[in-house]
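A structural walkthrough
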Number of protein chains: 2
Amino acid sequence: MSQTRQLHLGAFMRPVSIHTGAWRYPGAWPDANFNLAHITRLARTLEAAKFDAFFMADHLAVLNMPIEALKRSHTVTSFEPFTLLSALAMVTERIGLVATASTTYDEPYHIARRFASLDHISAGRAGWNIVTTGNPETSFNFGSDQHLAHATRYARAREFYDVVTGLWDSWADDAFVRDVEQGLFFDPDKLHVLGHEGEHLSVRGPLNIGRPVQGWPVIVQAGASDAGRQLAAETAEVIFGSEATREGGKAFYADVKGRMAVVGRDPDHLKILPAAFVVVGETVEEARAKRAHLDSLVHYDSGIRSLNIMLDYDVSGFDPDGPLPDIPESNASKSARDRTVALARRENLTIRQLAARAGSYAGLAFVGTAKTIADEMEAWLDERASDGFNVMFPWLPGGLDDFATQVVPELQRRGIFRKDYEGTTLRDHLGLPRPENRFFAKAAREVESEAAGDQPAG
Amino acid sequence: MSQTRQLHLGAFMRPVSIHTGAWRYPGAWPDANFNLAHITRLARTLEAAKFDAFFMADHLAVLNMPIEALKRSHTVTSFEPFTLLSALAMVTERIGLVATASTTYDEPYHIARRFASLDHISAGRAGWNIVTTGNPETSFNFGSDQHLAHATRYARAREFYDVVTGLWDSWADDAFVRDVEQGLFFDPDKLHVLGHEGEHLSVRGPLNIGRPVQGWPVIVQAGASDAGRQLAAETAEVIFGSEATREGGKAFYADVKGRMAVVGRDPDHLKILPAAFVVVGETVEEARAKRAHLDSLVHYDSGIRSLNIMLDYDVSGFDPDGPLPDIPESNASKSARDRTVALARRENLTIRQLAARAGSYAGLAFVGTAKTIADEMEAWLDERASDGFNVMFPWLPGGLDDFATQVVPELQRRGIFRKDYEGTTLRDHLGLPRPENRFFAKAAREVESEAAGDQPAG
């Protein structure tokens, strides 16, 4: 173990960047949605910078926006995560590969199988970002005219997780004896048929692929609601957080790690990595100017529509270059409205500037020099507001290159980020134990102690 | 166009080989189910031999066999096709990549998206082997305790095909204008929302990935029944055939190509490639001895169980080294029983030998020297019994290496197989037109004529 607590860094990626104005930024790659060479270059840059993981964003539909906004966004298309990450596995050697996969519109047998396959292909670098699909538009692509209720989606998600992890444990790690002489390919005592019959799912098994290299791919969740936090405390190994302030981060961190202790899990076995949008400049002013220019590339037609949705109030009749008026209460999401209003007041933004944020990204951002950004990241780490970040780059490749060449060396110099990978799997990078096979615990324990003399997984 | 009709060759692959005894053969790779380096080596060998396609076999369950048979078979696990083929796309440059995907237990939005993504990743090398899932065991892995009726599966498959191809046509080929100055990412007039509402499926669209490089990935079907032949004549571009004799092949070929003419399709726009198991020797006797040894590696416990199932009659009480007794009629599949009995009589096989075939592979086989195998392949081609073959190798890598170094040069010498790829896409290799976009036919036509001066697709 290192003496100093170490930062963990994921890169939250869309081919062009998560920012909807990014494709118009000077030097950006507007065609990255169709250009694998570009994405290969990004993945290799992230690996050279020793990131823990390449984390692929995903949606199961073209986003629901009016066509006037939609036609201006590069986010309408992308590669599919499993095919993309499998391809990237072949052009990288160490970086983790995290795919988003929905429990709402897919089958656990397919999901378990694909992640196991990605984990074998990548020699133990797969992670599963478990999501429920909250976008009602998606349901229309999957034969349903009504979106599943929130509670049902969560109950199904929990059962889905149990089934997928159970399927991964279909075969003991040492099931495949391949005794050529005797003609015995596997030991039948080391095969488990799941036989799951639950409220939402009925899946017999066994899975038709061997146990993943990592035992299970790393389990990632977002989980901000009370139910989500509890689920994460019980099952997650990485949380993709969304706290926008360090104080909020500290409260969230303490809450979730506290819940882990209550359910008997080691708090170190879950890494909390909030999303952070990072813009690097030679000076703070230059970084701010870069962001302002980027935001200005979000077409007002798009931004104002997104802002109206966030506020649940039409502000398009007001002066775009004036301040945000008082917003009346409504039945819509209070947290989205309050966060948006608070942002406008805190940064003294005009309606046009706020619309650009609403139409691109309005969460936690570090905008400054390598030194100020490293200061902020170190403060989050020291104060236990997070274990690292899921970094989002303002445009690609430039925003990533700036981070890799300026911020990463600064973090390394401070001794809070690795200079090289110490292990080979995503679990190694994150310091997470390899899960025991629930059906063959004893065998797994023997294998582990043989391999490393380590403690068995909790 | 070449003067001489050209043979097309697919390789029908499982990691260890399709033969259940293969993992025990001297020099075989018993661990190939978990070893991507092995499969990479196989794909590169196939590409160096200029095969049209690497064709990945698939099942959605561990095969339904008694445990005494199952434990002896390497076919219990494998990589998942989309993850595997995406990985292989990165270590090959020309060879086509065909994935099997079921219309019975998956969603058309997922399937359309994954194939489009594989086609973009591989720069136009994807093919879809459309199957309905006939293995009732699979249903237990997908929340259903009753398998869909045959007729329902086929009706759903046809509708599924319509939806998937419709989703691929969501975007015109020239939809993405990426006008940085104006902030226009795509032309809204070149986006089509499918809005499918059918008997089995309801899918709105549009697809969240651009139109595949090939327009549509190549459509592959098996289709042996009357309904299957008709569907293939209407929609398939490759048929994975199963005729065991040249006479049978000729009748099938004439029937399907005749049906194509009736529905107004160019018979050249469908390639009929029967499965062919190929064993190469320095002499015919050596080849036969290799096969006999391979078959002897199918454990009798497995073979006899498979044979009993094929015959729907328990022959395990008879002398394994004696001839097959007369088999009474039953309610089971007459064709499977009759084919098996006919094979035993034709080759004068003992019960033990027949059990080995039943437990591994009992269809069309070319067992001989490079010359005799090329003679047979050429005869099938000349007599229009096929347009080529889906070759199955007896064990790997040896059986493939023998074919690549001995049979392929002989076919090339005869001028009936390419010495190098002439194009870059799977459609190029197979001589298939790029489908027009059904919703933007005019634009597609202009693009095609600009690109190549070719005829628009039929």
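Residues numbered from 1 in each chain as written. Chains lettered and ligands numbered in written order. Predicted model: local features only at pLDDT ≥ 70, side-chain atom pairs only at ≥ 80, totals over all residues. Heavy atoms only, no water.

1. Some thoughts on the UniProt feature "binding site: FMN" (unreviewed entry) in chain A
Residues and elements named next belong to chain A. As recorded in UniProt, the feature "binding site: FMN" (unreviewed entry) lies at Asp58, Thr100, His150, Tyr154 and Ser225. Of the residues named above, Asp58 and Thr100 line the largest cavity. Relative to the elements of secondary structure, histidine 150 occurs in helix 6 (residues 150–168). Among the structural elements, tyrosine 154 can be located in helix 6. Owing to a relative accessible area of 24%, tyrosine 154 belongs among the partly exposed residues under this scheme. Not counting the four nearest positions on each side in its chain, tyrosine 154 is found in contact with Thr132 and Gly228. (UniProt positions renumbered as here; feature names shortened; annotations may be inferred. 1 Å grid on protein atoms, 1.4 Å probe; cavity = no way out; pocket = protein on both sides within 12 Å on 5 of 7 lines; lining within 4 Å. Helix = DSSP H or I, 4+ residues; strand = E, 2+ residues; numbered from the N terminus. Buried < 20%, exposed > 50% of the residue type's maximum accessible area, 1.4 Å probe, protein only. Contact = heavy atoms within 4.5 Å.)

2. As for the domain arrangement of chain A
Residues and elements named next belong to chain A. Each assigned domain of chain A is listed here: domain 1 (8–281 + 364–452) and domain 2 (299–359). Residue-level contacts link six residues of domain 1 with five residues of domain 2. In terms of surface lost to domain 2, no three residues of domain 1 exceed Glu68, Ala69 and Arg72, which account for 53% of the buried area on that side. At the boundary of domain 1 with domain 2, the tally comes to one salt bridge. The salt bridge partner of arginine 72 is aspartate 301, with a shortest N-O separation of 3.7 Å. For the side of domain 1 that touches domain 2, the class distribution of residues is two nonpolar, one polar and three charged. (Domains from an automatic or database assignment. Buried area = accessible area lost by both parts, 1.4 Å probe. Salt bridge = Lys/Arg side-chain N within 4 Å of Asp/Glu carboxyl O. Nonpolar A, V, L, I, M, F, W, Y, C, P; charged D, E, K, R; others polar.)

3. Side note on empty space enclosed by the protein
Following the criterion strictly, the structure yields nine cavities of 30 Å³ or more and no others. What lines the largest cavity is a set of 14 residues, among which A:Leu60, A:Glu80, A:Asp106, B:His110 and B:Arg113 lie closest to the centre. For the lining of the largest cavity, the secondary-structure elements that each account for two or more residues are helix 3 (81–89), strand 3 (96–102) and helix 4 (108–121) of chain A together with helix 4 (108–121) of chain B. (Points joined across faces, edges and corners; volume = space filled by probe spheres on them.)

4. Examining the packing of helix 3 of chain A against helix 4 of chain A
Residue and element names in this part refer to chain A. Interhelical geometry of helix 3 versus helix 4 gives an angle of 15° and a closest axis separation of 9 Å. As the angle between them shows, helix 3 and helix 4 are arranged roughly parallel. Regarding helix 3 and helix 4, the two cross each other, and that crossing is left-handed. Touching Phe82, Leu85, Ser86 and Ala89 of helix 3 are Arg114, Phe115, Leu118 and Ile121, all from helix 4. Counted by class, the contact of helix 3 with helix 4 contains six nonpolar, one polar and one charged residues. (Axes fitted to C-alpha atoms, helices over the stretch in contact; angles between N-to-C directions. Parallel < 35°, antiparallel > 145°, perpendicular 65-115°, else oblique. Left-handed = near helix turned anticlockwise from the far one by under 90°.)

5. Some details on the interface of chain A and chain B
Many structure descriptions define interface size as the accessible area lost when the parts assemble. Taken together, the contact pairs 71 residues of chain A with 71 residues of chain B. Here chain A and chain B share an interface that buries about 6200 Å² over both sides, 64% of which is from carbon and sulfur atoms. Per-residue buried area on chain A facing chain B is highest for A:Phe34, A:Arg113 and A:Phe185; these three make up 11% of the total on that side. Scanning the region where chain A abuts chain B turns up eight salt bridges. The closest approach of N and O atoms between A:Arg114 and B:Asp106, which form a salt bridge, is 3.9 Å. At the junction of chain A with chain B, the criterion picks out 34 residue pairs in polar contact (both at pLDDT 80 or more). Of all the secondary-structure elements, those providing two or more residues to the side of chain A that touches chain B are helix 1 (36–48), helix 2 (67–70), helix 3, helix 4 and strand 6 (202–203) of chain A. The greatest single-element share of the side of chain A that touches chain B, amounting to eight residues, is contributed by helix 4 of chain A. Taken together, the residues of the side of chain A that touches chain B break down into 35 nonpolar, 21 polar and 15 charged. (Polar contact = N/O pair within 3.5 Å; in protein donor to acceptor, adjacent residues only side chain to side chain.)

6. Some words on the pattern of salt bridges
By the definition in use, this model includes 76 salt bridges over all chains. Of the charged contacts, one joins A:Glu247 and A:Lys250 as a salt bridge, the two residues approaching to 3.8 Å between their closest N and O atoms. Pair noted here: A:Glu247 and A:Lys250 are both in helix 8 (residues 246–262), with a separation of three residues, about one helical turn. With relative accessibility at 54%, the residue A:Glu247 sits in the exposed group. Put simply, B:Arg438 and B:Asp169 hold a salt bridge, and the shortest N to O gap is 3.6 Å. On the criterion of sequence distance, the pair formed by B:Arg438 in the loop between helix 15 (426–430) and helix 16 (441–452) and B:Asp169 in the loop between helix 6 (150–168) and strand 5 (196–197) is long-range, its members being 269 residues apart. Classification of B:Arg438 as partly exposed rests on a relative accessible area of 40%. The structure contains a network of salt bridges with shared partners spanning A:Glu80, A:Asp106, A:Arg114, B:Glu80, B:Asp106 and B:Arg114.

7. Some points on the pairing of strand 2 (residues 53–56) of chain A
All names here are of chain A. Along strand 2, one buried face is formed by Ala53 and Phe55 and the opposite face, lined by Phe54 and Met56, is buried too. Where strand 1 (residues 8–13) and strand 2 come together, four bridges link them in parallel fashion. Of the residues in strand 2, the one forming a bridge with phenylalanine 12 is phenylalanine 55. With helix 1 bridging strand 1 and its parallel neighbour strand 2, the resulting β-α-β unit is right-handed. Note that strand 2 and strand 3 share four bridges and pair parallel. (Pairing = 2+ DSSP bridges. Right-handed = clockwise from strand over helix to strand, strands pointing away.)

8. Looking at the packing of helix 1 (residues 36–48) of chain B against helix 14 (residues 398–413) of chain B
All names here are of chain B. For the pair helix 1 and helix 14, interaxial distance at closest approach is 10 Å and the crossing angle is 15°. The angle between the axes of helix 1 and helix 14 places the two elements in the roughly parallel class. In this structure, helix 1 meets helix 14 at a crossing whose hand is left-handed. Along its contact with helix 1, which presents Arg41, Leu42, Thr45 and Leu46, the element helix 14 presents Leu400, Asp401 and Ala404. For the contact of helix 1 with helix 14, the residue count by class is four nonpolar, one polar and two charged.

9. Description of the packing of aromatic side chains
For the structure on display, the rule yields 48 aromatic pairs over all chains. Geometrically, the ring pair formed by A:Phe12 and A:Phe55 is edge-to-face, given 5.3 Å between the ring centres and 70° between the ring planes. Taken together, the residues A:Phe12 in strand 1 and A:Phe55 in strand 2 connect sequence positions 43 residues apart. Judged by its relative accessible area of 3%, A:Phe55 falls in the buried class. Judged by centre distance (4.7 Å) and plane angle (35°), the rings of B:Trp171 and B:Phe176 are tilted. (Phe/Tyr/Trp six-rings, centres within 6.5 Å; stacked < 30°, edge-to-face > 60°.)

10. Quick word on helix 8 (residues 246–262) of chain B
Residue and element names in this part refer to chain B. Relative to the 24 Å expected for 17 residues at 1.5 Å per residue, helix 8 spans 24 Å between its end C-alpha atoms, a close match to the ideal helical length. Here helix 8 has its buried residues at Gly248, Gly249, Phe252, Tyr253, Val256, Lys257, Arg259 and Met260. Mapping the buried residues of helix 8 onto a view down its axis gives an arc of 150°, with all of them on the same face. Looking at helix 8, the residues exposed on the side facing more than 90 degrees away from the buried face are Glu247 and Val262. Contacts made by the buried residues of helix 8 are with helix 7 (226–235), strand 8 (238–241), strand 9 (271–280) and helix 13 (370–382). (Expected span 1.5 Å × (residues − 1). Arc of directions from axis to C-beta.)

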